[in-house]
Amino acid sequence: MIKLDRTLTYRLHLLHKLTDLESQRAYVAGAGLSMSDGRCLTAVGTFAPLSVNDLAHKANLNKGQASRAAQSLVEQGLVVKAASPTDGRGVVLTMTPKGKAAWQRAMQVVGRRNQDIFGVLSAAEREQLSDFFDRLIAKAKADGGAVEDTGEE
């Protein structure tokens, strides 16, 4: 019988929990942002322009969390909301100059965290793991997997 603590989902969830706490600290210390704001700012900076729904998917948040984080970023002067040219009720999010500077700091945090987490692997192992993740994600999508609005962050 399979042992729970050796399953992929159990181990991925454990790794997520173990790395999230330090990531939260790193976003505050390195970019002056909460984890949710940092995730959203890095998504907007990387994939803009984004709707709130697109932001939720790119930042791995539910729509409510993405909406609150987007509003927080707007209030901080990091992101601008504009009317969507394709959706009369929607908005698109883009960065301000102040947001671009904060995005650069946040991306440095992401880079350092990525190196901290994966630094125990050789370059070849990192490449192989990346390939494994790509294949597992493609399989999950092909099987009809979709990111659900779980309410978890």
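Explain the side chain of T96 to me, and be specific about the residues and the numbers.
Within the element layout of this structure, T96 appears in the loop between β2 (91–95) and α5 (97–118). The exposure class assigned to T96 is buried, which follows from its relative accessible area of 13%. Of note is the side chain of T96, whose polar atom sits 2.9 Å from the backbone nitrogen of G99.

Describe the environment of L78, and please don't skip the residues or the numbers.
Within the secondary structure, L78 is located in the loop between α4 (63–75) and β1 (79–83). In this structure, the C-alpha to C-alpha distance between L78 and G99, residues 21 residues apart in sequence, is 3.7 Å. Among residues more than four places away in sequence, those in contact with L78 are L33, L41, L73, T94, M95, T96, K98, G99 and A102.

Go over the environment of L41 with me, naming the residues and quoting the values.
When you line up the elements, L41 lands in helix α2 (residues 35–47). With a relative accessible area of 0%, L41 lands in the buried category. Taking the C-alpha atoms as reference points, L41 and L55, separated by 14 residues in sequence, lie 9.3 Å from one another. For L41, the contacting residues outside a window of four places in its chain are L33, L73, L78, V79, M95, G99, A102 and W103.

Go over unusual backbone geometry, please, and point to the residues and values.
A cis amide bond links A48 with the next residue in sequence, P49, at an omega value of 0 degrees. Here P49 lies in the loop between α2 and α3 (52–58).

Kindly report on the packing of aromatic side chains, identifying the contributing residues and their values.
Tallied over the full model, the rule gives zero aromatic pairs. Between K58 and the ring centre of F47, over which it is positioned, the NZ or CZ distance is 4.3 Å.

So what about a nonpolar patch on the surface? Which residues, and what values?
Together, L4, Y10, L14 and L18 line one region of the surface with nonpolar side chains, adding up to about 420 Å² of accessible area. For L4, the position within the fold is in the segment before α1 (8–31). Classification of L4 as exposed rests on a relative accessible area of 58%.

Each value, and the rule that gives it
Residues numbered from 1 in each chain as written. Predicted model: local features only at pLDDT ≥ 70, side-chain atom pairs only at ≥ 80, totals over all residues. Heavy atoms only, no water. Helix = DSSP H or I, 4+ residues; strand = E, 2+ residues; numbered from the N terminus. Buried < 20%, exposed > 50% of the residue type's maximum accessible area, 1.4 Å probe, protein only. Polar contact = N/O pair within 3.5 Å; in protein donor to acceptor, adjacent residues only side chain to side chain. Contact = heavy atoms within 4.5 Å. Phe/Tyr/Trp six-rings, centres within 6.5 Å; stacked < 30°, edge-to-face > 60°. Lys NZ or Arg CZ within 6 Å of the ring centre and 35° of its normal. Patch = residues over 30% accessible without salt bridge, like charges linked within 9 Å, V, L, I, M, F, W, Y side chains within 5 Å. Areas by Shrake-Rupley, 256 points an atom, 1.4 Å probe, with all protein chains shown as cover. Salt bridge = Lys/Arg side-chain N within 4 Å of Asp/Glu carboxyl O.

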